[in-house]
Amino acid sequence: MSDNIKKIGLLTSGGDAPGMNCAIRAVVRTAINNNIQVFGIKRGYEGLLKGEIAEMTAKDVSNIMFRGGTILRTARSEEMRTEEGIEKAANLCKLLKLDALIVIGGDGSLTGGLALSKKGVNIMGIPGTIDLDLDCTDYTIGFDTAVNTSLDAVDKIRDTSTSHERCSVIEVMGRGAGFIALWTGLSGGAEEIIIPERENSEEAIIETILENRSRGKRHNLIIVAEGKGNSQKLAKNIEKATGISTRATILGHLQRGGSPTARDRVTASIMGLKAVTALIEGKQNRIMIEKNGSFTDIDLEEGLNFRREYDDFLYKAAKILAI
C-alpha cells in the first residue's frame, strides 16, 4: 500500500455520459474514507488550464447519483491538443501538488491523460462514453442509458409510423462505432442497421423494404449510426424508389441526458471506488476496465492502443430476427 497519495485531482472531459456523477461520487467518498483530499476540476482540461479547481467534500456529492450529465461540467479544449497546452497542464498539476489525476471520459480525454502521464503526472482513467468505443474494455459508463433512451424513442416513433404505414429512418449517436445502433436496432426490431464498421448497399436496403411490403409488412425501421449519416438523403431516396412514405428522425443529444440506469450507476460506482483503491496500492498510469464481468485495471497506453476486431454477430442476428 502507498502512503504517497494525499491529494488527487478529478475531472470529466469530452462528451458527457449518464453515470459520470456516480463515478464522481464514488471517487470523492472512497478518497475521503482513506484520508485523501479530492480537488474537483471544472470544465475538464479547459478548466485545469484556467485553474478552476476546488476541494470537494462528501456533501458535495450528495443526491447526484440519479442526475445525468456531470456536476463538474465538461468542455473540449483546443489548447490541450498542443504541446504547449500539455506542458502547461502538467506544470499546473505539479504546482497544485496533485499526487494523481483521475480522468473520466472517452478516447480523446484519456489520450490527453496519456500525454500528461508522459510529463510526469500520475493518471488514472475511468472510461465514460456512451459510444462504447474504447476497445480495451467490455463496457463504458453511459452506454446502457443511451441505448435505453434511443430504444424508448424508437418504440414511440414505431407506433406512429406503423399507424401511417411508413418507413422510419432513425439516426442514433456513434461517430466511429456502431454499438448504439446495433443494440437499438436489435432490441427495436429494425429491418436494417447502418454502422461505420460495415458497408451497406442502398439498393439492398430498398430491395428489403419492397420485399417486406410484398409479404404484408406495413412498417420498416432503419437505424443509422451518426458516423454514416445522410439519414435525410436516405429517407428521400427510399421514398422515391419505393413510393412508401419515409421519414427521417435524428435523435441527437437526447441520448446523452437522462437519469442513468442501474447498470450505469453500479458500473460507475465500482470503477470510481477501484480507481482510488488502485492509486492507494501504488499503481500509476492505469485505466479501469470491465472484462468478462470483472473489474480490473491495465496500463493506460496499452489500453488506448488496443484494437478489438469487429464482430458481425449482432448485425447478422438482427437481420435474421427481422425477417
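Located above this text is the structure these notes cover.
Since this is a predicted model, take the numbers as computed values, not measurements.

A word on the nonpolar core. A general feature of soluble globular proteins is that nonpolar side chains tend to end up buried together. Counting residues in each nonpolar core, the largest one holds 58 residues, and the members touching the most others are I8, L10, I102 and I126. Excluding anything up to four places from it in sequence, I8 contacts V27, A31, I36, Q37, V38, F39, L98, A100, I102, V276 and L279.

Bringing the side chain of T246 into the picture now. Among the secondary structure elements, T246 is positioned in strand 9 (residues 246-250). A polar contact is formed between the side chain of T246 and the backbone oxygen of I244, at a distance of 2.9 Å. Among all residues touching T246, those that are not within four sequence positions of it are C167, V169, A235, I238 and E239.

Using the criterion set out here, one finds two aromatic pairs in the structure. Ring centres of Y139 and F143 lie 6.2 Å apart, and the angle between their planes is 80°; this geometry places the pair in the edge-to-face category. Residue classification places Y139 among the buried positions, given a relative accessible area of 4%. An angle of 85° between the planes, with centres 5.4 Å apart, marks the rings of F143 and W183 as edge-to-face. Of this pair, F143 sits in helix 5 (residues 143-163) while W183 sits in helix 6 (residues 179-188), and the two are 40 residues apart along the sequence. An aromatic cluster of at least three residues, connected via ring pairs, comprises Y139, F143 and W183.

Rules used throughout
- Residues numbered from 1 in each chain as written.
- Predicted model: local features only at pLDDT ≥ 70, side-chain atom pairs only at ≥ 80, totals over all residues.
- Heavy atoms only, no water.
- Core = buried A, V, L, I, M, F, W, Y, C linked by side-chain atoms within 4.5 Å.
- Buried < 20%, exposed > 50% of the residue type's maximum accessible area, 1.4 Å probe, protein only.
- Contact = heavy atoms within 4.5 Å.
- Helix = DSSP H or I, 4+ residues; strand = E, 2+ residues; numbered from the N terminus.
- Polar contact = N/O pair within 3.5 Å; in protein donor to acceptor, adjacent residues only side chain to side chain.
- Phe/Tyr/Trp six-rings, centres within 6.5 Å; stacked < 30°, edge-to-face > 60°.

Function cannot be inferred from these measures alone, as they are strictly geometric.
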